[in-house]
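Listed here are the chains, written in short residue letters.
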Amino acid sequence: MDKKQISKILTEMALLMEIKGDNPFKIRAHENAARILDGLGENLAELAAAGKLTGIKGIGQGMADKITTLLSDQPLEEYDRLKKAIPAGLLEIARIPGMGPKKVKAVWQELNITNLEELEAAGKADRLSGMKGFGAKTQEKILENIELMKRFQDRYLISEGETAAASLYQALKDQPGVIRCEIAGSVRRRKETIGDLDLVVSAEDRHRAAIMDFFTTLPGVETVKSKGDTKSTALLSSGISADLRIVSDAQFPYLLHHSTGSKEHNVAMRQRAIQQGLKLNEYGLFRDETNISCADEEAIFRELGLDFIPPELRENYGEIEAAAQQTLPKLLEMNDLRGVIHTHTLWSDGVHSVEEMARAAQKLGYEYLVISDHSKVAAYANGLNAERVKQQQAEIDAVNARMDNFRILKSIECDILGDGTLDFPDEVLATFDLVIASIHSKFGMTRDEATRRLIRAMENPYVTVLGHPTGRLLLAREGYAIDHHAVIDAAAELGVCIEINANPRRLDLDWRFLKYAKEKRVQIAISPDAHRIEGYDDVRYGVGIARKGWLEKDDVLNTRTAEEVLAFARKRRQ
DNA sequence: GCCGTTTTCGGCCCGACTGTTTTCAGTCG
């Protein structure tokens, strides 16, 4: 068993213990241990073999024994006991917002409810509201949240979709007979969430059947929903549904375009074809019955009098008109980015040190790193007070002194308090190179209140970047409503940058508002909000969203040099 | 379950909100 699996089991144990009502500190010890494993750089098996596990702060003898047991794939008695004592369905119930361990335990013990369906039935039968600590509102909320969970169940984060699609792609591309293979659909368009996967392949006819057989019997396939010689649909064990279509190599460009979508883009493209006396479908671009041969997607667009439209733009958001007028943007590229903005370290709720984060960023080719740990009111995240800010800044100075051709910029993810003021006085804010201001509390606001709160925060001249503007968690929590246009207008007027939080669970600011921000000449930061080195990888989801929002290199703050970013922050402070 | 020279026992992160109560438990971030 590897580090990741062990961490997952320790987390699950913590949840089971919470429901059971174990000592909260014992529970936290398990959560801590899981977190420590997640952030561990060294090889876990080697550490265990050398008896060095207890040398890690947070791992005592008891935890070391458990890890060693799991490492050698032995059954962990306590884990098995917990699983036996607590029905698995309760873990799912615990995922409902508002259902914490105590309430889960209450419905289980008092109403003998052990899964989501039973909880929903009890709620609808008005049996929850009579319980101690439950009322009409609680019951209503629970039912509402169950509905929400169900509704979201058939959609997935781009990160989940991409991972699943990539493994299918890897398996398919080298199969005998496969000429071309691509991931299409919303993954290719870099949508923030996806419904299913679309893979397209070109092959000679005689290989089709074998490729379909291969696809439908891949190890990750749970059931085959349909299977034919040009199209099959498989339900993966992850719950995601995947389509594979196979055509001849001559047809491939049309299929790739068709399967990439969006539906709205395709409709508009076909309309354009009709206006020119043509017909476009997934098998070709036809004049009368004759196919106009196109070697690739570029050729299809060219035949229709259009510049190539990058997949991210294919949402029928004006891209066809722009392509006709040759005014499509030159979209941001991953390697336009020179620095990383918005990251956390061990000082608050990150898992790597300042130096580890910096060295990793440099290794990835970045020139600078903006470290922005949480501020003091974020106690749950070990937020920094003014004294610890000083200590961290001293550490950053020291690390900067021993690094070549790289610079760490001092920042803070400063909480925006309920009234729109910031969690630090100006004297403290002035010690940072730049300040990211974000909301993490008191989400129960009206749209007007939330908008005013954000704008008031931006009015503070020390605020450089507005962090995740709506606080949304994709497929899990709606953000608080804001007047996006008013916030963007204020950012434009005040010279504040707005972030695209690139964490695939957030992707906030939403790409649908980026075009407006660009028109208003608001600078956008692509921020991984990384809590560990691996978090840097999320930047590409942010770049995907930026591209969906038509952003170019000049629209993005972290395509600039460190000096330019510093100048941007300073300009507001004068 | 983990930690530590002010402690090998007694602490361990906390403020705010919601909905339930009639002073507070549970949940969240």
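Treat the numbers as computed from the prediction; the structure is a model and nothing was measured.

### Observations concerning the overall build of chain A
Regarding its fold elements, chain A presents 24 helices and 17 strands. Taken along its principal axes, the extent of the C-alpha atoms in chain A is 75 × 65 × 55 Å. The buried share among the 574 residues of chain A stands at 42%. In chain A, the proportion of contacts linking residues at least 24 apart, taken out of those at least 6 apart, comes to 66%.

### Focus: the domain arrangement of chain A
The domain architecture assigned to chain A consists of domain 1 (1-83), domain 2 (87-153), domain 3 (154-247), domain 4 (250-328) and domain 5 (334-573). Computed over C-alpha atoms only, the centres of domain 2 and domain 3 are separated by 36 Å.

### Describing the nonpolar core
Core analysis: the largest hydrophobic core is formed by 120 residues, its most contacted members being L199, V435, I524 and A546. I524 has contacts with C497, I498, I500, L514, A517, A546, L551, D555, V556 and L557, leaving out every residue within four places of it along the chain. Judged by nonpolar contacts, the second largest core, of 29 residues, contains M13, I59, L70 and L90.

### Section: the sheet that holds strand β5 (residues 221-227)
What the 5 strands build is an open sheet, ordered β2-β4-β7-β6-β5; its pairing is mixed. Unpaired on one side and paired on the other, β2 (178-183) and β5 mark the two borders of the sheet. Averaged over all pairs of adjacent strands, the angle between their axes in this sheet comes to 20 degrees, without regard to strand direction. Of the pairings in the sheet, the one linking β2 to strand β4 (residues 196-203) comprises 5 bridges and is antiparallel in character. Its bridge partner lying in β4, V178 is registered against A203. Contacts from helix α10 (residues 158-173) reach β2, β4, β6 (231-236) and β7 (241-247), with the element oriented near 20 degrees to β4. Packed on one face of the sheet, helix α13 (residues 252-260) meets β2, β4 and β7 and runs near 175 degrees to β4.

### Some points on the protein's contact with DNA strand B
DNA strand B sits among 34 residues. The nearest are G60, M63, G100, G135 and G444. For the surface near DNA strand B, the secondary structure elements donating two or more residues are α2 (24-39), α4 (61-71), α7 (101-111) and α9 (136-152). Top contributing element to the surface near DNA strand B by residue count: α9, with 4 residues.

### Overview of the environment of R402
Summarising the element assignment, R402 is placed in the loop between α18 (386-401) and β13 (407-415). Classification of R402 by C-beta neighbours within 10 Å gives exposed; the count is 8. Between the alpha carbons of R402 and E355 there is a distance of 9.8 Å; along the sequence they are 47 residues apart.

### Observations concerning unusual backbone geometry
For the peptide bond that leads from G261 to S262, omega is 0 degrees, which places it in the cis range. With respect to the helices and strands, S262 occurs in the loop between α13 and α14 (263-275). Residues D508 and L509 are joined by a peptide bond in cis, for which omega reads 20 degrees. Examined against the element boundaries, L509 turns out to sit in the loop between β16 (497-501) and α22 (514-519). Phi is positive for D529, close to 50 degrees, though the residue is something other than glycine. Within the fold, D529 resides in the loop between β17 (524-527) and α23 (539-548).

### As for the environment of L47
Secondary-structure assignment places L47 in helix α3 (residues 44-49). C-beta crowding within 10 Å serves as the criterion here: with 19 such atoms nearby, L47 is assigned to the partly exposed category. In this structure the C-alpha to C-alpha distance between L47 and I320, which are 273 residues apart in sequence, comes to 57 Å. Filtering out sequence-adjacent residues up to four positions away, L47 remains in contact with E42, K52 and L53.

### Digging into helix α1 (residues 3-20)
For α1, with 18 residues, the first-to-last C-alpha span of 26 Å sits near the 26 Å given by 1.5 Å per residue. Those residues of α1 that fall on the buried side of the exposure criterion are I6, S7, L10, M13, A14, L15, L16, M17, E18 and I19. G21 sits one or two positions beyond α1 and adopts a positive phi of about 95 degrees.

### Side note on the sheet that holds strand β14 (residues 436-438)
Spatially, β11-β12-β13-β14-β15-β16-β17 is the arrangement adopted by the 7 strands of the open sheet, whose pairing is parallel. Edge positions in the sheet fall to β11 (339-343) and β17, since each of these pairs with one other strand and no more. Alignment of β16 against β17, held across 4 bridges, turns out to be parallel. What sits directly across from I498, in β17, is I524. Contacting β16 and β17, α23 crosses the sheet at an angle of about 150 degrees to β17.

### What to know about the pairing of β6
When a strand is regular, its side chains alternate between the sheet's two faces. Relative to β6, β5 is paired through 5 bridges, and the arrangement is antiparallel. Bridge pairing in β6 links V221 to L236. Between the antiparallel neighbours β5 and β6 lie 3 residues. Note: β6 against β7, 5 bridges, orientation antiparallel. Bridged to S232 within β7 is L244.

### Digging into α7
Those residues of α7 lying buried are P101, K103, V104 and V107. The inward-facing, buried residues of α7 abut α1, α6 (89-93) and α8 (116-124). Two residues or fewer past α7, N112 is found with a positive phi of approximately 60 degrees.

### Examining the packing of helix α20 (residues 447-459) against helix α21 (residues 484-494)
Remark: α20 packs on α21, axes separated minimally by 10 Å, with the N-to-C direction vectors making an angle of 10 degrees. Put simply, α20 runs roughly parallel to α21. Two secondary-structure elements touch here, α20 through T451, L454, I455, M458 and E459 and α21 through A486, V487, A490, A491 and L494. Partitioning the contact of α20 with α21 into residue classes produces 8 nonpolar, 1 polar and 1 charged.

What counts, and at which threshold
Residues numbered from 1 in each chain as written. Chains lettered and ligands numbered in written order. Predicted model: local features only at pLDDT ≥ 70, side-chain atom pairs only at ≥ 80, totals over all residues. Helix = DSSP H or I, 4+ residues; strand = E, 2+ residues; numbered from the N terminus. Buried ≥ 20, exposed ≤ 12 C-beta atoms within 10 Å, placed from the backbone. Contact = placed C-beta atoms within 7 Å. Domains from an automatic or database assignment. Core = buried A, V, L, I, M, F, W, Y, C linked by C-beta atoms within 7 Å. Pairing = 2+ DSSP bridges. Axes fitted to C-alpha atoms, helices over the stretch in contact; angles between N-to-C directions. Near = placed C-beta within 6 Å. Expected span 1.5 Å × (residues − 1). Parallel < 35°, antiparallel > 145°, perpendicular 65-115°, else oblique. Nonpolar A, V, L, I, M, F, W, Y, C, P; charged D, E, K, R; others polar.

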